[in-house]
Amino acid sequence: QAQLVESGGGLVQPGGSLRLSCAASGFMFSIHDMAWYRQAPGKERELVAAITSGGRTNYADSVKGRFTISRDNAKNTGYLQMNSLKPEDTAVYYCNVVRWGTPSWGQGTQITVSS
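This write-up is about the structure you can find in this document.

Things to note about unusual backbone geometry
- Positive phi values are uncommon outside glycine, yet N76 reaches one of about 50°.
- N76 gets classed as partly exposed once you look at its relative accessible area, which sits at 30%.
- Even without a glycine there, the phi angle at W100 is positive, about 50°.
- With respect to the helices and strands, the residue W100 is situated in the loop between β9 (91-99) and β10 (102-105).
- Accessibility expressed as a relative area gives 70% for W100, which makes it exposed.

Put into structure tokens, the structure is as follows:
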């Protein structure tokens, strides 16, 4: 059974950095695109960054130049490096993989950016 487990969330001051990890199991991670989404209180879930199985990336305008998505297929793990964090980045961050049209989601990890 496909499973995604996020880790690396927490409380960070504005301007700080965090790295999220998404550990995949139960399926062939390397052949699927993956993405990171986030959902802030009272807002809809939004795409933050995506990476194809071949390594092509795209980002939401709000995080371009600050966040970097990557993947290590040998470790079945995806990453989101977040730098220069802002209070508006506060949200629950979710890992996402779509396999044959069916999305799989992790449980989410809370990021709080506050002084």
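So, a nonpolar patch on the surface
- A surface patch of nonpolar side chains, amounting to about 400 Å² of accessible area, comprises M28, I31 and W100.
- Assignment of secondary structure puts I31 in the loop between β3 (18-25) and β4 (34-39).

Some remarks on the side chain of T52
- With respect to the secondary-structure elements, T52 resides in the loop between β5 (46-51) and β6 (57-59).
- On the accessibility criterion, T52 (16% relative accessible area) is buried.
- Once you skip the residues sitting within four places of it in the chain, T52 turns out to touch D33 and R71.

Structural notes on the environment of V12
- Within the element layout of this structure, V12 appears in strand β2 (residues 10-12).
- Its relative accessible area of 11% is what places V12 among the buried residues.
- Here the alpha-carbon distance between V12 and Y79, two residues 67 residues apart in the chain, equals 18 Å.
- Not counting residues up to four positions away in its chain, the partners in contact with V12 are S17, L18, L85, T112, V113 and S114.

Rules used throughout
Residues numbered from 1 in each chain as written. Predicted model: local features only at pLDDT ≥ 70, side-chain atom pairs only at ≥ 80, totals over all residues. Heavy atoms only, no water. Buried < 20%, exposed > 50% of the residue type's maximum accessible area, 1.4 Å probe, protein only. Helix = DSSP H or I, 4+ residues; strand = E, 2+ residues; numbered from the N terminus. Patch = residues over 30% accessible without salt bridge, like charges linked within 9 Å, V, L, I, M, F, W, Y side chains within 5 Å. Areas by Shrake-Rupley, 256 points an atom, 1.4 Å probe, with all protein chains shown as cover. Salt bridge = Lys/Arg side-chain N within 4 Å of Asp/Glu carboxyl O. Contact = heavy atoms within 4.5 Å.

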